[in-house]
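Topology and contacts: notes
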Amino acid sequence: METIDFSSFIEKYIAGEMSNTERRWFEKELEGNASLRQEVELRRTTDKILQNKDILSLRGKLSEIEKNRSKSKRYIMPAVPAFYKYAAAITLLIAVGTMTYQPWADMSNEQIITKYYSSYEPPAAQRSANGTTNALFKKALELYSTQNYEQAAIFFARVIENNPKDMQSMLLNGVANFESSKYPEAKQSFNKVIDDNNNLFIDQAEWYLALCYIKTGQNDRARAQLTTIRAGEGIYKTNARKILRKLK
């Protein structure tokens, strides 16, 4: 049986760079391979340690010491399997007394929401096709602006009943429901904006949908959604990349 070299797949998986198909295949492999699961966790831990700038500096010093030490020896070290190299690196770094480890890479879902979530800022008013102010939307917007999100959602829903293609109201309805802890309704609204695929609010809907998944603990869906955002050119690309590195 041909042995699979998982090294490159592990790096892509940890970095959140796999396609949905690759990720599903790899996670299936993880389920039946304890050694592979152990190496994934080991590399994650190593990455967290090596992300500390002080440790990177220490790593360079240790490398220089090792280089000088090697020059004084006349034998060749035998090859060491990748797994044990990672284990040795962790042991060496932890053993150094001057090392300070701050596990900032991982954040809880609530910490991510606190850091990255802010409600959508809508315009002051919207006008209908005949130039008159849309009274329902104006009322909904007033309620939204005063953070009366539950009532705002009710009025945005009425706007949508009259005009199902009003994607701005659909987005605002989703955010208002998110703020009211009505996450299934919020997800439904965000997905409708995305599925419409012909409006100016798709970036925002994708972003809030990802945060909705995080808020409800659906981390696999959140990763998939954030990976889509990171692959695009939208305004949330950078934050999506940062969250993918912090999401447990």
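To start, this report covers the structure provided alongside it. (Residues numbered from 1 in each chain as written. Predicted model: local features only at pLDDT ≥ 70, side-chain atom pairs only at ≥ 80, totals over all residues. Heavy atoms only, no water.)

Of all hydrophobic cores here, the largest spans 49 residues; its most connected members are Tyr144, Trp207, Tyr208, Ile214, Leu226 and Ile243. For this core, the leading source of residues is helix H11 (residues 202-215), giving 9 residues. Dropping the residues within four chain positions of it, Tyr144 is found in contact with Ser119, Tyr120, Pro122, Tyr149, Ala152, Phe156, Leu172, Val175 and Ala176. Counting 9 residues, the second largest nonpolar core, distinct from the first, contains Ile10, Tyr13, Ile14 and Val40. (Core = buried A, V, L, I, M, F, W, Y, C linked by side-chain atoms within 4.5 Å. Buried < 20%, exposed > 50% of the residue type's maximum accessible area, 1.4 Å probe, protein only. Helix = DSSP H or I, 4+ residues; strand = E, 2+ residues; numbered from the N terminus. Contact = heavy atoms within 4.5 Å.)

What follows concerns a positive patch on the surface. Taken together, Lys115, Arg241, Lys242 and Arg245 make up a surface patch of like positive charges. Looking at the positive patch, the element that brings in the most residues is helix H13 (residues 237-246), giving 3 residues. Structurally, the position occupied by Lys115 is in helix H6 (residues 109-116). (Patch = residues over 30% accessible without salt bridge, like charges linked within 9 Å, V, L, I, M, F, W, Y side chains within 5 Å. Areas by Shrake-Rupley, 256 points an atom, 1.4 Å probe, with all protein chains shown as cover. Salt bridge = Lys/Arg side-chain N within 4 Å of Asp/Glu carboxyl O. Lys, Arg positive; Asp, Glu negative; His and termini not counted. Charge placed at Lys NZ, Arg CZ, Asp CG, Glu CD.)

Looking now at H6. Those residues of H6 not exposed but buried are Asn109, Ile112, Ile113 and Tyr116. Mapping the buried residues of H6 onto a view down its axis gives an arc of 100°, with all of them on the same face. The exposed residues of H6 that point more than 90 degrees off its buried face are Thr114 and Lys115. Those residues of H6 hidden inside the fold are in contact with H11, helix H12 (219-231) and H13. (Arc of directions from axis to C-beta.)

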